[in-house]
Amino acid sequence: MNHRWTLLAASAALLVSTLFANAEDWRAKYPELTFAVVPSENATGVIERYTPYMGYLSRQLGVKVNLRVASDYAAVIEGQRSGNIHIASYGSAAFARALITGVKTEAFALEQNTDGTTGYYSVFYVLANSPYKTIADVKGKSLGLVDPNSTSGNNVPRLMLDKQGIDPEGYFGKVIFTGSHENAVVALVQGTIQVAANSWNAPNDSTLTRMIRKGMLKNADGSSMKYEDFRIIATSDPILNGPLAYLTDLPSDLKLAIEDAYFGARTNDPEAFGKLSDGKMARDGWTPARTEQWQPVVDLVKFVDGLRRKRS
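Q: Looking at this structure, how should I read the nonpolar core?
A: A general feature of soluble globular proteins is that nonpolar side chains tend to end up buried together. With 31 residues, the main nonpolar core has Phe 35, Tyr 53, Leu 57, Phe 108, Ile 258, Tyr 262 and Trp 286 as its most contacted residues. Put simply, the parts of the chain that give this core at least two residues each are β1 (32-37), α2 (43-61), β4 (105-111), β12 (243-247), α9 (252-263) and α11 (270-277). Examining the composition of this core, we find that seven residues originate from one element, α2, more than from any other. Membership of the second largest hydrophobic core comes to 23 residues, among which are Ala 93, Phe 95, Trp 294 and Val 301.

Q: Help me out: how do you make sense of the side chain of Thr 178 in this one?
A: Considering the arrangement of structural elements, one finds Thr 178 in the loop between β7 (174-177) and α7 (181-190). Of the residues examined, Thr 178 reaches a relative accessible area of 16% and is grouped as buried. At a separation of 3.3 Å, a polar atom in the side chain of Thr 178 contacts the main-chain amide nitrogen of Ala 184. For Thr 178, the residues in contact, after removing those within four places along its chain, are Gly 144, Leu 145, Val 146, Asn 183, Ala 184 and Ala 187.

Q: What exactly am I supposed to notice about the environment of Ala 187 here?
A: Along the chain, Ala 187 falls in helix α7. You can call Ala 187 buried: its relative accessible area is 8%. Separated by 44 residues in sequence, Ala 187 and Leu 143 place their C-alpha atoms 9.8 Å apart. When near neighbours in sequence (up to four residues on either side) are disregarded, Ala 187 contacts Thr 178, Thr 192 and Ile 193.

Cut-offs and rules
Residues numbered from 1 in each chain as written. Predicted model: local features only at pLDDT ≥ 70, side-chain atom pairs only at ≥ 80, totals over all residues. Heavy atoms only, no water. Core = buried A, V, L, I, M, F, W, Y, C linked by side-chain atoms within 4.5 Å. Buried < 20%, exposed > 50% of the residue type's maximum accessible area, 1.4 Å probe, protein only. Helix = DSSP H or I, 4+ residues; strand = E, 2+ residues; numbered from the N terminus. Polar contact = N/O pair within 3.5 Å; in protein donor to acceptor, adjacent residues only side chain to side chain. Contact = heavy atoms within 4.5 Å.

This is the structure we're talking about:
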């Protein structure tokens, strides 16, 4: 019996030693990691929200985690393709584009909204004091999209319009990419465009409502704008939230450590989690995810690519 217990203890010690050695191995290979995000808000706001969380990840993983605020979705895709971005926060269409173009990345987490759902919508906004109430009313006007790889700011709006037999470039007087969800709203307020595509979760949860809460939108007289100063003239079917994704080639122990850090964030560092959430994530933040969940979005992006080829 004593000999049996001795063998068990030796096996357990060997397992612990192996796990520790594996952890040390990946830390030697990856002394620093880079996390990238494309801001839907201004870059300063992103840095303020994410910096405490990068500190949390660094402590949990035992290596420094750097924040990269990417200029657009393409920068995240190419950063992961080159292996310089190890963990990324993707929009659904950008993740689909990465998969279509052969980036070795895989989803591991999906953001949950405050009500526990995992989706959102694409909407077309106009100003409430305008005469526009339907897509038919904005024919010949200027449309503001977000980014070529944006789900709610380009791909889904194009699908919505295609279902009505509308080619945006031929239907609207001008179509422009504004660069971010916030920029699209600002362009609408300033009159640069008359209709803006954007993301929307609920009446109290969207890019627009967050901008209003922060006092970022003003009327001509300097007074703060309200949600009622905008009108939604079209809404899409639900869209799956974008994933958190890590490089496929990362060591399995490192992947597991990243997952543990994310799924334990609310408990391990409620302050950093709360700052990152900014009141727009569910209590536990994320739910486990698989890359296959975004196959419908891959199909959508391929469809929109087909529309673009037809036009050219």
